[in-house]
Amino acid sequence: MKVRVPYRPVHIFVFLLLAFLCYQAHQLTRHLVGAALCSGFGTMTFTVATTRAPCSFPTLVTLSGPLLTYGLAWFGVSLLRSPKYKLFAYALIFASFAHLRFIQTLTGRGDELILAEQWFGVTNRASIAVIVFLIGLLPIIAAFRVIANKRRNLVFICSWLLPLPLLFAMLFGNQFLFGANGNEIQGATILGIPLIVFIADLIAGTLLIMLAPRYLHSPKET
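Trainee: Describe the side chain of Asp 201, with residues and values.
Mentor: Structurally, Asp 201 can be placed in helix 10 (residues 195–215). Summary of buried charges: Asp 201 has no salt-bridge partner, and the nearest side chain of opposite charge, Arg 30, is 14 Å away. Dropping the residues within four chain positions of it, Asp 201 is found in contact with Phe 20, Leu 21, Gln 24 and Met 44.

Laid out in structure tokens, this is it:
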């Protein structure tokens, strides 16, 4: 069975909320795993989670974020079989950012780049970016197959690209607020999370809980 992907402004807004929270979940996972395996809570901004030293298992901390991100994408794939949650599943696959992580690798950022250097001694960004791209490819292929819209290719391309403006906004906003490395944090924090980040995540989570049951419920299936 397939699903028609809606593209009214409210649906796009809810999708971006989901994407924002998926990205924050990546950072929060690294933040919490780092607190458990290192010397307590480090810091977490919109795009950077920094652990405290010394850290007993830094590789596990680095690995935790990508595992969560790719896990969300594959969880979306598993939900594509559900008539009730098919639209949510489709949105989750793209909102996870799994298919766009190769861009961060190309720019010299991302956990995969660190892991490739630690495990295999590989530092070539292009080679690692290709591997990261392939890792995120299967979930979006699965998503493409369930699109019921007439302009199937256009819907797919828009779904692929829609998280990009949000990603750039978070990266530039984070740099403006917390510096290039995300370590220029001033003011109050909650468990190492700046108050503005904590409040933004709380508001986004509340809005998603309110809106998702209505706007991410599969409207029509064929």
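Continuing now.
Trainee: Pulling in residues and values, what's your account of helix 6 (residues 125–135)?
Mentor: Given 3.6 residues to a turn, an α-helix orients residues that are three or four positions apart in the same direction. Listed in full, the buried residues belonging to helix 6 are Ile 128, Ala 129 and Val 132. Buried residues of helix 6, seen end-on, are gathered within an arc of 105 degrees and therefore sit on one face of the element. Buried residues along helix 6 sit in contact with helix 2 (58–79), helix 4 (101–106) and helix 5 (111–120). Near the N-terminus of helix 6, the side chain that reaches the backbone nitrogen of Ala 126, with its oxygen 3.1 Å away, is that of Asn 124.

Trainee: Account for the packing of helix 3 (residues 86–95) against helix 7 (residues 137–145), naming residues and giving values.
Mentor: At a closest axis distance of 10 Å, the pairing of helix 3 and helix 7 adopts a crossing angle of 150 degrees. For the element pair helix 3 and helix 7, the recorded crossing hand is left-handed. Counting all contacts with helix 3, which are made through Tyr 90, Ile 93 and Phe 94, the residues of helix 7 involved are Pro 139, Ile 140 and Ala 143. For the contact of helix 3 with helix 7, the class distribution of residues is six nonpolar, no polar and no charged.

Trainee: Let's hear about a nonpolar patch on the surface: which residues, and what values?
Mentor: Together, Leu 28, Leu 32, Phe 41, Ile 190, Leu 191, Leu 195, Phe 198, Ile 199, Leu 202 and Ile 203 give the surface a local cluster of nonpolar side chains, amounting to about 840 Å² of exposed area. Those elements that place two or more of their residues in the nonpolar patch are helix 1 (9–37) and helix 10. In terms of residue count, the dominant contributor to the nonpolar patch is helix 10 (five residues). With respect to the helices and strands, the residue Leu 195 is situated in helix 10.

Trainee: Account for the nonpolar core, with residues named and values stated.
Mentor: In this structure, Leu 18, Phe 20, Tyr 90, Phe 94, Phe 97 and Leu 208 are the most contacted members of the largest nonpolar core, which totals 47 residues. Among the elements of the structure, helix 1, helix 2, helix 3, helix 7, helix 8 (152–161), helix 9 (163–178) and helix 10 are those that each provide at least two residues to this core. At nine residues, helix 1 tops the list of elements feeding residues into this core. Sequence-distant contacts of Leu 18, that is, excluding residues within four places in its chain, are made with Phe 88, Ala 91, Leu 92, Ala 95, Leu 208 and Leu 216. If you look at the next biggest cluster of nonpolar residues, it comprises nine residues, including Leu 113, Ile 128, Ala 129 and Val 132.

Trainee: Explain the pattern of salt bridges to me, using residue names and the numbers behind them.
Mentor: What the rule picks out here adds up to three salt bridges. A salt bridge links Arg 101 to Asp 111; the nearest nitrogen and oxygen atoms lie 3.8 Å apart. Of this pair, Arg 101 sits in helix 4 while Asp 111 sits in helix 5, and the two are ten residues apart along the sequence. With a relative accessible area of 4%, Arg 101 lands in the buried category.

Trainee: How would you summarise the environment of Leu 68 if you had to cite specific residues and measurements?
Mentor: Take Leu 68: it is sitting in helix 2. Placed 65 residues apart in sequence, Leu 68 and Phe 133 show a C-alpha to C-alpha distance of 16 Å. In contact with Leu 68, not counting residues within four places along its chain, are Ala 25, His 26 and Thr 29.

Trainee: Describe the packing of aromatic side chains, with residues and values.
Mentor: This model, assessed by the stated rule, comprises ten aromatic pairs. Each ring, one from Phe 20 and one from Phe 46, has its centre 6.2 Å from the other, and the planes form 50 degrees; the classification is tilted. Of the two residues, Phe 20 is situated in helix 1 and Phe 46 in the loop between strand 1 (43–44) and strand 2 (49–50); the sequence distance between them amounts to 26 residues. Each member of the pair, Phe 20 together with Phe 46, is buried. On the numbers, 5.3 Å between centres and 85 degrees between planes, the contact of Phe 102 with Phe 133 is edge-to-face. Note that Phe 102 is positioned in helix 4 and Phe 133 in helix 6, a separation of 31 residues in sequence. Phe 102 sits in the buried class, given a relative accessible area of 19%.

Rules used in this analysis
Along every chain, residues carry numbers that run from 1 in the direction the sequence is written. Per-residue local features are limited, in this predicted model, to residues with pLDDT of at least 70; the limit for side-chain atom pairs, both in listing and counting, is 80 or more; totals at the level of whole chains, interfaces and linings are taken over all residues. The basis for every side-chain value is the complete set of heavy atoms in the structure, and neither hydrogens nor water enter the calculation. Elements are defined by DSSP. Helices are runs of H or I of four residues or more, strands are runs of E of two residues or more, and each kind is numbered from the N terminus. Using a 1.4 Å probe on the protein chains alone, a residue whose accessible area is under 20% of its type maximum counts as buried, one over 50% counts as exposed, and one in between counts as partly exposed. Neither His nor the chain ends is counted toward charge; the positive residues are Lys and Arg and the negative residues Asp and Glu. Salt bridge, as applied in this entry: a Lys or Arg side-chain nitrogen positioned within 4 Å of an Asp or Glu carboxyl oxygen. Throughout, a contact is declared for two residues whenever any of their heavy atoms are within 4.5 Å. Taking the helix axis as origin, the arc is that swept by the directions to the C-beta atoms. Polar contact is defined as a pair of N or O atoms within 3.5 Å, subject to the rule that within protein one atom must be able to donate a hydrogen and the other to accept it, and that residues adjacent in sequence are counted only when both atoms are side-chain atoms. Working convention: axes come from line fits to C-alpha atoms, limited for helices to the stretch in contact. Angles between N-to-C directions cover 0 to 180 degrees. Here is the rule for handedness: rotate from the far helix to the near one, and if that takes an anticlockwise turn smaller than a right angle the crossing is left-handed, while a clockwise turn gives right-handed. Under the grouping applied here, Gly and all other residues not named as nonpolar or charged are polar, the nonpolar ones being Ala, Val, Leu, Ile, Met, Phe, Trp, Tyr, Cys and Pro and the charged ones Asp, Glu, Lys and Arg. Within this analysis, patches are made of residues with over 30% relative accessible area and no salt bridge. Like charges are joined at 9 Å or less; nonpolar side chains (Val, Leu, Ile, Met, Phe, Trp, Tyr) at 5 Å or less. Throughout, the Shrake-Rupley method with a 1.4 Å probe supplies accessible areas, and for residues the shown protein chains are the sole cover considered. In this description, a nonpolar core means a group of buried Ala, Val, Leu, Ile, Met, Phe, Trp, Tyr and Cys residues linked to one another through side-chain atoms lying within 4.5 Å. Only Phe, Tyr and Trp rings take part, Trp by its six-membered ring, and two of them pair if their centres are within 6.5 Å. Stacked means planes under 30 degrees apart, edge-to-face means over 60, and tilted covers everything else.

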